[in-house]
Every structure is written in structure tokens, then in C-alpha cells.
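So the chains spell out like this:
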Amino acid sequence: MDKNAKLELNKAEMKKYGYEVVEAIVDHFDTQKEKHPVALASREEMDTMFLEKAPENPEDAHKVLDFVLKNVMTKSNIVSHPKSFSFVPGPSNYISAMADTLATGFNVFSGGWAASPAAAELEIVTLNWLLKIFGFPEKKGGGIFTSGGSMANLTAIVTARRIKCGDDFSKAVIYLSDQAHSSNIKAIRILGFKKEQIRIIPTDIEFKLSMNKLRNAIAKDRLEGLQPFCMVATAGTTNTGTVDPLSELSKICKKENIWFHIDGAYGGAAILAKNGKKLLKGIEKADSLTVDPHKWFFQPYEMGCLLVRNSKWLKNTFTETPEYLRDVEGNESEINFYDHGVQLTRRFRALKFYMSIKTFGLKAFRNAITYNIQLAKKVEGLLRKSANWEIISPATLAVINFRYNPIGNKLTEDELDELNQYISEKVVGSREALLVTTVLNGQTVLRMCLINPRTTLEDVTETILLCNEFAKEKYST
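Small disclaimer: the values here were computed from a predicted structure and weren't measured.

J.: Summarise the overall build of the protein; cite the residues concerned and give the values.
T.: Assigned secondary structure in the protein consists of 15 helices and 11 strands. For 477 residues, the compact-globule formula gives about 23 Å, and the C-alpha radius of gyration of the protein, at 24 Å, lands near that figure. Based on the C-alpha atoms only, the size of the protein along its principal axes is roughly 75 × 65 × 45 Å. Counting all 477 residues of the protein, 50% fall into the buried class. Considering only intrachain contacts with a sequence separation of at least 6, the fraction spanning at least 24 residues in the protein is 74%. For the protein, the computed accessible surface area is about 24,000 Å², with 54% contributed by carbon and sulfur atoms. With 62 positive and 57 negative side-chain charges, the protein shows a spacing of 7 Å between the two charge centroids.

J.: So what's going on with the pattern of salt bridges? Which residues, and what values?
T.: Counted according to the given criterion, the structure contains 17 salt bridges. Close ionic contact of Arg-346 with Glu-123 constitutes a salt bridge, the shortest N to O distance being 2.8 Å. Note that Arg-346 is positioned in the loop between helix H11 (311-318) and helix H12 (350-360) and Glu-123 in helix H5 (residues 117-133), a separation of 223 residues in sequence. On the basis of relative accessibility, which here comes to 1%, the residue Glu-123 falls in the buried class. When the shortest N-O distance is used, the salt bridge between Arg-403 and Glu-413 registers 3.1 Å. Of this pair, Arg-403 sits in strand S9 (residues 399-404) while Glu-413 sits in helix H14 (residues 413-430), and the two are 10 residues apart along the sequence. The class of Glu-413 is partly exposed, set by a relative accessible area of 41%. A single network of salt bridges, built from pairs that share partners, joins Asp-100, Arg-347 and Lys-352.

J.: I'd like to hear about the environment of Ile-357, residue by residue, with values.
T.: With respect to the element layout, Ile-357 can be found in helix H12. Overall, Ile-357 belongs to the buried group, its relative accessible area being 9%. Taking the C-alpha atoms as reference, Ile-357 lies 22 Å from His-28; in sequence the two are 329 residues apart.

J.: Can you explain the packing of aromatic side chains? Please cite residues and give values.
T.: Throughout the structure, instances matching the rule amount to 12 aromatic pairs. An angle of 85° between the planes, with centres 5.8 Å apart, marks the rings of Phe-50 and Phe-67 as edge-to-face. With Phe-50 in helix H2 (residues 43-50) and Phe-67 in helix H3 (residues 61-71), this residue pair connects regions lying 17 residues apart in the sequence. The exposure class assigned to Phe-50 is partly exposed, which follows from its relative accessible area of 28%. Relative to Phe-353, the ring of Phe-145 lies with its centre 6.3 Å away and its plane at 55°, an arrangement referred to as tilted. Taken together, the residues span a long stretch of sequence, with Phe-145 in strand S1 (residues 142-146) and Phe-353 in helix H12 at a distance of 208 residues. For Phe-145, a relative accessible area of 1% puts it in the buried group. Residue class for Phe-353 comes out buried when judged on its relative accessible area of 1%. An aromatic cluster is defined as three or more aromatic residues linked by ring pairs; in this entry it consists of Phe-145, Phe-297 and Phe-353. Seen from the ring of Phe-169, Arg-161 lies directly overhead, with NZ or CZ sitting 4.1 Å from the centre.

J.: How would you sum up a negative patch on the surface? Please name residues and give values.
T.: Side chains of Glu-23, Asp-27, Asp-30 and Glu-34 sit close together on the surface and give a patch of like negative charge. By secondary structure assignment, the location of Glu-34 is in the loop between helix H1 (11-31) and H2. Note on Glu-34: relative accessible area 68%, which makes it exposed.

J.: Summarise the sheet that holds strand S7 (residues 304-308); cite the residues concerned and give the values.
T.: Ordered by their spatial adjacency, seven strands build an open sheet running S1-S7-S6-S5-S4-S2-S3, and the pairing between neighbours is mixed. The strands lining the two open edges of the sheet, one partner per strand, are S1 and strand S3 (198-201). Across the sheet, the mean angle from the axis of one strand to that of its neighbour is 20°, orientation sign disregarded. Of the strand pairs in this sheet, strand S6 (residues 288-291) and S7 are connected by four bridges, and their pairing is antiparallel. Within the sheet, the bridge partner assigned to Leu-289 lies in S7 and is Leu-307. Against the sheet, H11 contacts S1, strand S5 (259-264) and S7, and its axis sits at roughly 110° relative to S7.

J.: Tell me what's going on with helix H13 (residues 362-384), and back it up with residues and numbers.
T.: Compared with an ideal rise of 1.5 Å per residue, which puts 23 residues at 33 Å, H13 spans 34 Å between its outermost C-alpha atoms and is within 8% of the ideal. Looking only at H13, the buried set comprises Phe-365, Ala-368, Ile-369, Asn-372, Ile-373, Leu-375, Ala-376, Val-379, Glu-380 and Leu-383. Buried residues along H13 sit against helix H10 (274-277), H12, strand S8 (389-396), S9 and helix H15 (457-475).

J.: Tell me what's going on with H15, and back it up with residues and numbers.
T.: Across its 19 residues, H15 extends 26 Å between first and last C-alpha, which sits within 8% of the 27 Å expected from 1.5 Å per residue. Regarding H15, the residues found buried are Asp-459, Val-460, Thr-463, Ile-464, Leu-466, Cys-467, Asn-468, Phe-470 and Ala-471.

J.: Go over a nonpolar patch on the surface with me, naming the residues and quoting the values.
T.: On the surface, Leu-69, Val-72 and Met-73 cluster together into a nonpolar patch covering about 240 Å² of accessible area. Relative to the helices and strands, Met-73 resides in the loop between H3 and helix H4 (94-105).

J.: So what's going on with the pairing of S8? Residues and values would help.
T.: Counting buried positions along S8 gives six out of eight residues, so the element sits mostly inside the fold. Relative to S9, S8 runs antiparallel, the two being bridged by five bridges. Its bridge partner being in S9, Ile-391 is matched across the sheet by Phe-402. The antiparallel pairing of S8 with S9 creates a hairpin that spans two residues between the two strands, and Leu-397 there sits at a positive phi of about 50°.

Calculation criteria
Residues numbered from 1 in each chain as written. Predicted model: local features only at pLDDT ≥ 70, side-chain atom pairs only at ≥ 80, totals over all residues. Heavy atoms only, no water. Helix = DSSP H or I, 4+ residues; strand = E, 2+ residues; numbered from the N terminus. Rg over C-alpha atoms; globule rule 2.2 N^0.38 Å. Buried < 20%, exposed > 50% of the residue type's maximum accessible area, 1.4 Å probe, protein only. Contact = heavy atoms within 4.5 Å. Areas by Shrake-Rupley, 256 points an atom, 1.4 Å probe, with all protein chains shown as cover. Lys, Arg positive; Asp, Glu negative; His and termini not counted. Charge placed at Lys NZ, Arg CZ, Asp CG, Glu CD. Salt bridge = Lys/Arg side-chain N within 4 Å of Asp/Glu carboxyl O. Phe/Tyr/Trp six-rings, centres within 6.5 Å; stacked < 30°, edge-to-face > 60°. Lys NZ or Arg CZ within 6 Å of the ring centre and 35° of its normal. Patch = residues over 30% accessible without salt bridge, like charges linked within 9 Å, V, L, I, M, F, W, Y side chains within 5 Å. Pairing = 2+ DSSP bridges. Axes fitted to C-alpha atoms, helices over the stretch in contact; angles between N-to-C directions. Expected span 1.5 Å × (residues − 1).

Written as C-alpha cells, this is what we have:
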């Protein structure tokens, strides 16, 4: 047989190739601050560089690797860069990156106990860590690692529907705020709910879900013979970092027999910090909770997580026993995680979380999150002392929104929107920082998400000075 048909390299070749890959990753972690966080390229440029027919014959492995390092890895935003402020950055960490390499290199199947008892056990162990952190029942509770918050929210809502509605959800109604993450709406649509079954509850001036309007909506739906079955609250909105009134919502859900799901994909991890835990009071009351370790737990993509108060809820929702799995079901204590979620084939996500927590210790994660929250507060203080900047949404869970609006200016709201959009476009175009806009109360504002523990106050002030330069450039034209 042709050597290449075995898809193998010899031992010496594998070592040499592996060293080159690890060296490239180490260099990336070591030098990323010196690089531009923003990658810009058009579809035409990318097609010119990459578009080709699948090669029939082999190429030298090192040449392929060199091409990828030069042309692929340089054409992606560096989301772990200290000046990557937009969306929700992915700070990552080297230990977890290497753990992912191990999990992929050994090609561990993390679906069922029989395929990898150690992988299943580490998922149980790390989920138990999270159950304790968030105050969920450790013995009765459970959960599952997913690709991200989108899949975790989908898993939560389908579980809620199964437990509360059974097979008939024709009259079911779900509630969420106008600041809820789009993944929740996507999940609701995937599950076949009609637009008429979704209630978007307006938020107040602090972007928190309006309790009175929620109560009114539930009462009206009951009077119309509908079935309120699920409430989706947010612990750390993407726009502003705002936390809904979780304790009050839990009381309403308990009284109304409504499933209480909290989307804490962004802000949930702040529970590790004293200055974050107070904001998240009531999070332990949820029936289900989404958290994203690949956000503020500093893990590489992909890693989301769903926690539930009762692990049987997941098993009763997702278990299927086809003939080809009957020999690997095991006993009750040997969890098959393919019975707890959508995926049958699953990668070994728990390993990176396990190895990074073991290596750095939970205290390091606490300190990093505390630092992020304090950094955002310092940035807010600096902006408030400036005659050029206006705070639109104060620093909350390391997210802050502001806009250029110098004292004494005579610009209209439309002109201010245009100016701040211009600042963002120029900053991104310079590739010096990733800083994009969002819209709050109809105003175009600049939004910073400061969850990278390697971001310094100097990184932020340098970016603000750059914004000032572009604003003056636009203001003077």
C-alpha cells in the first residue's frame, strides 16, 4: 500500500512537525501583544489566496504548515489580544490550549462511559466544581459541557419544554427580555415555537427586565388559556453586563410554576469575585443555568456549559437507546453524556477546564475576574473626568458603554451617532484595537468588554487617546 494511504508520518517526522506547531503556539502567546488585534481582508483577497481544487497528490507537510501559519493564522482577529475589547473576547490560556491538543491528539470520544471512563469522570468532577460554585445541589444536580452558550441555551429550553409541557406545547409561552442574547431566540425558533408564543419583555432604564410588565404578561396569557412555561433571565447581558433581578424572578417562577432558566453565558463566572457575587444574588435559584467557560473562565473555544438542579431532567429528555448502543449503556453511576444532550459524538471538553484549574488554582481565576471588574470601574472613572466622553451605561461586570460627546458641542443626536460610528470604524481600520459600537436607547455608543486579565489600564488609555484623535479629525472636517 502507498505510504500516504495510511495517513501516517514516522516517529521522527511527527516529532519534528509537532515541535514546529508547539513553537508557533508558544510564539503566538509570547508575542501577541506586539501584533495587531484586527485582521482585515476582503472575500476577493481570500479567494485569491486560498481558492483551489482539492490537490490529488501530496505536498510537503512543512510547506503546508508554513503556508497556514503565514496566511491563515495572520488573517484572524486575535481575540486574546489585550486590545480586543469588542463582543466578548476570548482570553484563553496556554495550559488549556495544550490540553485541547492532548484531547484532539488522542482523539478521545467523550460521549459515553464505555468509550472513555476517565473523560466521563472528569466531566462529572468539573461539573461538580461548577455546581458548588453556583450553589446548585451537588448530589442531585448535573449538567453537560457543550460547544458554547447557544447549544447550552437550546439544551435548557428543550429540557424545560419536556418537563413542563410534555409532548404538547401548542399553548406554551416563553418569556425573555429585550436584552436577552440572540441565541435564545434562535433556540426558540429551532424548537418550533411560533412568534405568537414568544414574549419579549421590555427593560427599564438600567436595562433590567421590567418585573411589572412580566407579571402583566403572565396574567394576560393565563386569562387567555395559554401555558406560561419558561422564563429566560440574563446574568450579564452582552450589551451592558446588566443582571436581571434574579431573586425576584425566581419567586415569580416558583409561584407560577414556570421553569426558571438563567443565561449567564457571559456574566456567570463573576460569581468568583466578591464584587460580582453580590450582583448575581439569586443565581442559585435557577432550574437551569448557562455559563460559558470559553468566555470569563478563560478557556479556548469551544466550551459552553449547562447546569441543572436535577440531572434526571436531562436524561429523561435526551436518552435514546438504539440497538447499536445497547451494549454500552452501563449502570446508573456511569454517566453517558450523550444521554444528557444533543450530541452523540462529543470532544473531550472537560480536560482543558480540569487541567487549567488544577494548574493555576481557583484563586487565580478569582483574582483575574476581580481585576477585570476593577479595571472597568477605573476606566469609567477616567472617562467621567474627561470633557469629551459621556458614560451611557456604567461599568457592570467589566462591560462599559460610552460615547464621544464633548461639553459645549452643538451636534445633533444623528451627528453624534455618525461621529461615534466613525471613531469605531477608524480604530478598527487602524488595526490598533478592536472597538465596535452597539445601540442603547437609540444611541450609537462605543462598548468595551474588559475580561482579559492581561489587559492593562495603559492599553485602554492608549485606545481612548486614539479615539480622541479620530474624533478631532472628524470634528474638524
